[in-house]
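Listed below are the residues making up each chain.
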Amino acid sequence: MTPELGYGVLIVAFALAVYGGVASAVGARTGRTRFVLSAQHAAVAVFALVTAAFGLLVYAFLTFDFSVRYVANNTNLGTPFYYRITAVWGALEGSIVLWAWMLALFTLIVIVKTRDQARDLYPWVLTAMLAVLAFFLLVMTVAAPPFQRLSPVPPNGRGLNPLLEDTGMITHPIALYLGFTGFTVPFAFALAALITGRVGDAWITLTRRWTIVAWYFLSLGLLIGGWWSYHVLGWGGYWAWDPVENAAFMPWLTGTAFLHSVMIQERRRMLKLWNLGLVILTFSLTLFGTFLTRSGVIASVHAFTQGAIGVFFLAFLALVVLTALGLLAWRWEALGAQGELDSVVSRESAFLLNNVFFCAAAFTVFFGTVFPLLSEAARGVKVSVGAPFFNQVNVPLFLGLVFLMGVGPLIAWRRASLDNLKRNFLWPVALGIAAAAIFFVLGVRSTLAVLALALTVFVTATIALDFFRATRARLRLGEPPLRAMGGLLLRHNRRYGGFVIHLGILVITLGVTGSQAWSVQTETTLKRGDAAELAGYRIRFDGLAAREESNHFKVVGTFTVSNGRIGPTAMRPAKKFYPQEQTPIAGVDYWMGLTEDLYLVLGDFARDGTEATIKVQVNRLVSWIWIGGFVLTLGALLAILPERKKAT
Amino acid sequence: MKIKFVAGGVVILAALGYMIYAGVTQSAVYFVTPSELQTAPVPGKAYRLGGLVTAGSLTWEPRTLDLSFALSDGRATVPVRHKGTPPDLFGEGRGAVVEGSWAPEGYFKATLILAKHSEEYKAPHGETEAGYKELIRSLRQDVR
C-alpha cells in the first residue's frame, strides 16, 4: 500500500507545482493577487506532500518493505537502524526525493520571508521556484521513481553500499544538497529581476543571505566529502579530482565568484549583467553536475544507476540556459553599467581579477572533467587528464586568489594612492617576505609550499592589521577593549564575517599545503612480531583476528605503534567483507594530530595470520583542513547575522 | 583606461590558455588496448592499458611487493609489473585498467591499478571475441 500512496502523493505534488507556477505567473501578469495567493497555497501543499512522500520512504526503509525496489536495493535485514535512515538518500531515487524536499522547504521559507517585501519580484520568484520543483517531481514520477514495486518480493534486500555506512554520509549529502538547492533561490530572484526588468540591486540585497547560506553549505558538503574520502576510502587523500568532486566544485567556484562580484554592484552599480550571468551559471552547474554524475556518462562512486535521468537533466539544463539567455538578450539594454572603472590599482580591479581567476578555475575543472568525452567524440581516442593537470593549472590560480584575498578587502575603491598602498600593505608584505625567508631557512625547499605559506602569512597580517586599526579607533573613543572588539564584529558583521571565512580558507590552505608537501608513506609486508618504521613511528604486527558484525565479516589486524613521545598503543586497521560485495572494503585506522596523522591501511594478508601487508602514511597538517571548516562555519554565522543599522 | 583592462584581460586569457594547453600535453594519458600498445609502444609515454587479467599469469610476492600479471584483449597479451598490494577489485579472469608506461625491457610498468568501486561491476566476460570487445568497451567507459 505504501508505494502506491507515495506514488500518488508525488503525482499530485507535481500537478500542484505546475499549477502553482502557472497561477503565480498569471497573477504577476494580470496583477490579480488572488492567483498569487492560490499559488502560495499550492506551494505549501507541495511542501506537505513531498514531506509525506519522504516520510513514506523512510517508513518503507524502517519496516524493510522489500516490495519497493529502491528499498530492496539499498538495505537489508542487517543494516543498522541509523543507516536505514541515511540509506533513504544513499542512492539516486532517494537523493532526488531529499533534493525536492529541501527545494520545497526553501520555497516555503521564501514565501514566508519575502511575500511582503518585494511585491513585484515575488510572484515570478515563486513561479521559478515551483518550476524547478516541478522538474524534480517529474523526475521522481517518471525517470527515477523511488516507489517502484519489485516483484517477486525478495526475502532480503541487497544492502546499502558499504562505503556509505558512515556518519559522514548522514551529513555530506544533506549539506551538499542544501548548497545546491540554496542557489536555486538567488537564481529564481535573478530570473524574476530579468522578467520584471528590475535588474537593479533589489534582487541582490534580498538574496544576499541566501547566497551566503547556500555557499556555506556547499563548502561544508565539499569538506565533509573530503573527510569521508579521507577516513573511509583508505587511499589516504581527501581530494582526487574525481568527476563527482569536480561536479560539486564547479558551482562552488562560480558561486564564490558571485559572492564577491555582488559587492561591486552594490557599491559601484557595475557588473549587473555579469552578476545575473554568474548566478545563472552557478545554478546551471548544479544541474550539470547532477547530470554528469547521475547519468552514467562518467562513472564514479556516485554514478548509481544508468537510466533516463541523464536525458531529463540535460533537457532541463538546456531549457534553463536557453530561457536565461533569452531573458538576458531581452533586457540587454537595461544591463549596461552605470559606474566606470577608474584605475587598474583599485578594489574594483582586485575583485574583477578575483572573478576572472575563479571563473578560470571553474573552466579548467570543467575542461578537465569533460576532456575524455570530448577527445573520444572528436578523435575517437580516449585521452584523460588526471590530477596532475588539475593541480598544474589550478594551483597558480588558487595562489593568486589567496594573494587577492589579502589585497581586495583593504585596497581603496576607485583609485588606490601610493599612500593607501603603503599604509595597508607595507607591513603585511614585509611579514610575508620574512616568512618566506624563514621557511626557506628552516628547510622548506618546495617553491609552491614556500609561496603558499608566505601568502598565508601576508593575508593573515592584512586581516590582523585591519582589525587592529578598527579596534584602536574604538578604544580611542573610550570603549573598553572587549566591547570594542565585540561591537566591531557585530556592527560590521558582514565585513568581519568575510574576514573570518578568509581565515578559515587560510587554515585550509595551510592543511592542503602541508599534506601535499610533507606527507610520507610506505608499504611493506610484515611477519608477526616484525616492525615497520616510518617518520619516527615503529609499527609492529601482532596478529590477525576475525570478527562477525551485523551485516558483514571483518578481518582485523593488530599493530602496536610507538614513537618517541607516545608509548606503545594498539591500532587496528581492518578489511571488511560484505556478502553483497565481490571485494572487501578497507577499514582504516588512524591517529589524528595537529601536526600529523598516522594512517594505517591493511592490505593483503596470509590466511593463517602469520603475515600481513600494511600501508603506512604519515599525513602532515591534514587536521587543519577540518579545523578550517570550523572557522569557516563561525565566519558564515557571523556574516548572516542581520546587519545592524548604523545608529550612532 | 579601458585599453589597460582589455590588454590585461587578453594577457590573462592567453596565460590561462597556455597553462591548459601545457597541462593537457603533459598529463594526457591515452587509453590503449594490449594490441594497440604492442603495435607501437613509445617508452616513457603515459598510457592507460585495459584488458583481461589472463588466467595463470598472476604472481604476487608479498615480501618484495612485486605483482606481475598479463593483460589481454584476445589478440595480444602484454606483461605487466607493479610494485604494491593488488587492489581489492583485482584478480585473474577480471578486467583491469593500469596506468603506467612501457619499459624498454619489454613489459608494461604500472604505477597505478585503477579499481572501480561501483556496485554494478560485472566480472564475468567470456574469453570470446565479443566478450573481449564488451570488456574493453566497459573498461573504457568505467575509468575516466
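Residues numbered from 1 in each chain as written. Chains lettered and ligands numbered in written order. Predicted model: local features only at pLDDT ≥ 70, side-chain atom pairs only at ≥ 80, totals over all residues.

## Here's the deal with the environment of A:Ala308
All names here are of chain A.
Point 1. Relative to the assigned elements, alanine 308 resides in the loop between α11 (272-294) and α12 (309-330).
Point 2. Look at alanine 308 and you get exposed, because 12 C-beta atoms sit within 10 Å.
Point 3. Taking C-alpha positions, alanine 308 is 5.5 Å from alanine 143, a pair spaced 165 residues apart along the chain. (Helix = DSSP H or I, 4+ residues; strand = E, 2+ residues; numbered from the N terminus. Buried ≥ 20, exposed ≤ 12 C-beta atoms within 10 Å, placed from the backbone.)

## Quick notes on the pairing of strand β5 (residues 553-562) of chain A
Residues and elements named next belong to chain A.
Point 1. The pairing of strand β4 (residues 537-548) with β5 spans 10 bridges and is classified as antiparallel. Paired with alanine 545 across the strands is valine 556, a residue of β5.
Point 2. Linking β4 to β5, which pair antiparallel, is a turn of four residues.
Point 3. With four bridges connecting them, β5 and strand β7 (residues 574-577) associate as antiparallel partners. The residue of β7 that forms the bridge with valine 556 is alanine 574.
Point 4. Sheet analysis places β5 next to strand β6 (residues 569-571), joined by three bridges and oriented antiparallel. When the bridges of β6 are listed, phenylalanine 559 appears paired with methionine 571.
Point 5. Taken together, β5 and the strand that follows it, β6, pair antiparallel across an intervening segment of six residues. (Pairing = 2+ DSSP bridges.)

## A short note on the packing of helix α2 (residues 33-62) of chain A against helix α5 (residues 92-114) of chain A
Helix packing for two helices is described by the angle between their axes and how far apart those axes are.
Residue and element names in this part refer to chain A.
Point 1. It is at 9 Å that the axes of α2 and α5 come closest, and there the two elements cross at 150°. With respect to α5, the axis of α2 lies roughly antiparallel. Both α2 and α5 take part in a crossing whose hand is left-handed. Judged by residue contacts, Gln40, Ala43, Val44, Val46, Phe47, Val50, Thr51, Ala53, Phe54 and Leu57 of α2 engage Gly94, Val97, Ala100, Trp101, Ala104, Leu105, Thr107, Leu108 and Ile111 from α5.
Point 2. Broken down by class, the residue content of the contact of α2 with α5 amounts to 15 nonpolar, four polar and no charged. (Axes fitted to C-alpha atoms, helices over the stretch in contact; angles between N-to-C directions. Parallel < 35°, antiparallel > 145°, perpendicular 65-115°, else oblique. Left-handed = near helix turned anticlockwise from the far one by under 90°. Contact = placed C-beta atoms within 7 Å. Nonpolar A, V, L, I, M, F, W, Y, C, P; charged D, E, K, R; others polar.)

## Structural notes on the sheet that holds strand β10 (residues 596-605) of chain A
Hydrogen bonds between backbone atoms are what pair the strands of a sheet, whose relative direction is either parallel or antiparallel.
Residue and element names in this part refer to chain A.
Point 1. Across the sheet, four strands lie side by side as β2-β11-β10-β9; this open sheet has antiparallel pairing. Two strands close off the open sheet at either side, each with one partner strand: β2 (520-527) and β9 (589-591). Adjacent strand axes in the sheet meet at a mean angle of 20° when their direction is disregarded.

## Looking at the packing of helix α1 (residues 2-30) of chain A against helix α6 (residues 122-143) of chain A
All names here are of chain A.
Point 1. Contact geometry for α1 and α6: axes closest at 8 Å, N-to-C directions at 160°. Relative to α6, α1 is oriented roughly antiparallel. Crossing hand, α1 versus α6: left-handed. Only Pro123, Trp124, Leu126, Thr127, Leu130, Ala131, Leu133, Ala134, Leu137, Leu138, Met140 and Thr141 of α6 make contact with α1, whose side of the interface consists of Leu10, Ile11, Ala13, Phe14, Ala17, Val18, Gly20, Gly21, Ser24, Ala25, Gly27 and Ala28.
Point 2. Among the residues forming the contact of α1 with α6, the class breakdown is 18 nonpolar, six polar and no charged.

## Regarding the domain arrangement of chain A
A common way to express how large an interface is: the accessible area buried when the components associate.
Point 1. Assigned domains within chain A: domain 1 (1-165), domain 2 (210-223 + 232-416), domain 3 (417-518 + 625-640) and domain 4 (522-621).
Point 2. With centres defined by C-alpha atoms, the gap from domain 1 of chain A to domain 3 of chain A works out at 43 Å. (Domains from an automatic or database assignment.)

## Remarks on the nonpolar core
Point 1. Counting 212 residues, the largest nonpolar core has A:Val46, A:Ala100, A:Val125, A:Leu133, A:Phe136 and A:Ala192 as its most contacted members.
Point 2. Formed by 27 residues, the second largest nonpolar core is a distinct cluster that contains B:Val53, B:Phe69, B:Ala110 and B:Ile136. (Core = buried A, V, L, I, M, F, W, Y, C linked by C-beta atoms within 7 Å.)

## Quick look at the confidence of the model for chain B
Interpreting fine coordinate detail is not advised for predicted regions of low pLDDT.
All names here are of chain B.
Point 1. On average, residues of chain B score 82 in pLDDT, and 86% of them are at 70 or above.
Point 2. At the low end of the mean pLDDT range in chain B sits helix α3 (residues 129-142), at 70; at the high end sits strand β5 (residues 77-83), at 94.
Point 3. Between residues 117-125, whose pLDDT stays under 50, and residues either more than four places distant or in other chains, the model counts 16 contacts.
Point 4. Our summary of model confidence lists the complex with pTM equal to 0.92 and ipTM equal to 0.82. (pLDDT = per-residue confidence, 0-100.)

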